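# Coordinate analysis (summary)
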Amino acid sequence: MSIFNEKQIEAMRSGKYICSKCGRVMEFEDEWEDTLVCSCGHNIGLDEYGCEGDEKYENLYSDENDGWDEDNPEGETYDEVCGELEDD
Ligand SMILES: [Zn+2]
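Think of each chain on its own: its residues are numbered from 1, step by step along the sequence as written. For this predicted model, a pLDDT threshold of at least 70 governs which residues receive local features, and a threshold of 80 or more governs which side-chain atom pairs are given and counted, while totals over whole chains, interfaces and linings are taken from all residues.

### Looking at the overall build of the protein chain
- For the purposes of this entry, the term helix denotes a DSSP run of H or I that reaches at least four residues, the term strand denotes a run of E that reaches at least two, and both are numbered from the N terminus. Helix and strand counts for the protein chain stand at three helices and four strands.
- Contact definition: two residues whose C-beta atoms, as placed from backbone geometry, lie within 7 Å. Here the analysis covers contacts within the protein chain between residues at least 6 apart in sequence; of these, 21% occur between residues at least 24 apart.

Below, the structure is given as structure tokens:
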């Protein structure tokens, strides 16, 4: 599921995806129509279209979920942490 931004909706209506670098019409890289390529060499995923330079978008996708817990790097369980605090 994805929420289309204004530029994506506009592009779907007009059938034209405009390159953010040079302003030319971009084309799909292949039949899957998930990547847009431009003759200037710029290419982006369809999901990224209209989102380039959007800080919210950058943050959303730079937050890699690799399972590492920043607050608990040692992998201690909640009980272990509490046990140490109570042992006074
Ligand atoms: Zn271009």
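Further notes follow.
### Some thoughts on the sheet that holds strand β2 (residues 25–28)
- Reading across from one edge, β1-β2-β3-β4 is the order of the four strands in this open sheet, with antiparallel pairing throughout. Every interior strand has two partners, whereas the edge strands, β1 (17–18) and β4 (43–45), have only one. Strands pair, by our definition, only if DSSP identifies at least two bridges between them.

### Some details on the pairing of β2
- Relative to β2, β1 runs antiparallel, the two sharing two bridges. Residue Ile18 lies in a different strand from β2, and its bridge partner there is Val25.
- Taking the residues between adjacent antiparallel strands as the criterion, β1 and β2 are bridged by six residues, where Gly23 takes a positive phi near 85 degrees.
- Inspection of the sheet shows β2 paired to strand β3 (residues 35–37) by two bridges, in the antiparallel sense. Bridge pairing links Glu27 to Val37 in β3.
- Between β2 and β3, which follow one another and run antiparallel, lie six residues, and Glu33 among them has a positive phi close to 55 degrees.

### Overview of the environment of Lys21
- Mapped onto the elements of the fold, Lys21 is located in the loop between β1 and β2.
- Taking C-alpha positions, Lys21 is 8.1 Å from Cys40, a pair spaced 19 residues apart along the chain.
- With residues up to four places along the chain from it excluded, the contact list for Lys21 reads Cys38, Cys40 and His42.

### Here's the deal with the nonpolar core
- For the purposes of this analysis, a nonpolar core is taken to be any set of buried Ala, Val, Leu, Ile, Met, Phe, Trp, Tyr and Cys residues that are connected through C-beta atoms within 7 Å. Residues with at least 20 other C-beta atoms within 10 Å of their own are called buried, those with 12 or fewer are called exposed, and the rest are partly exposed. The C-beta atoms themselves are positioned from the backbone. Counting six residues, the largest nonpolar core consists of Ala11, Tyr17, Cys19, Met26, Leu36 and Tyr49.
- The contacts of Tyr49, once residues within four sequence positions are left out, are Lys7, Gln8, Ala11, Tyr17, Leu36 and Ile44.

### Thoughts on the environment of Ile3
- Here Ile3 is to be found in the segment before α1 (6–14).
- With 5 C-beta atoms packed within 10 Å, Ile3 lands in the exposed category.
- Along the chain, Ile3 and Asp47 lie 44 residues apart, while their C-alpha atoms are 9.2 Å from each other.

### Here we look at the environment of Cys22
- Structurally, the position occupied by Cys22 is in the loop between β1 and β2.
- Here Cys22 falls in the exposed class, since 12 other C-beta atoms lie within 10 Å of it.
- Cys22 sits 20 residues away from His42 along the chain, and the two C-alpha atoms are 8.7 Å apart.
- For Cys22, the contacting residues outside a window of four places in its chain are Cys38 and Cys40.

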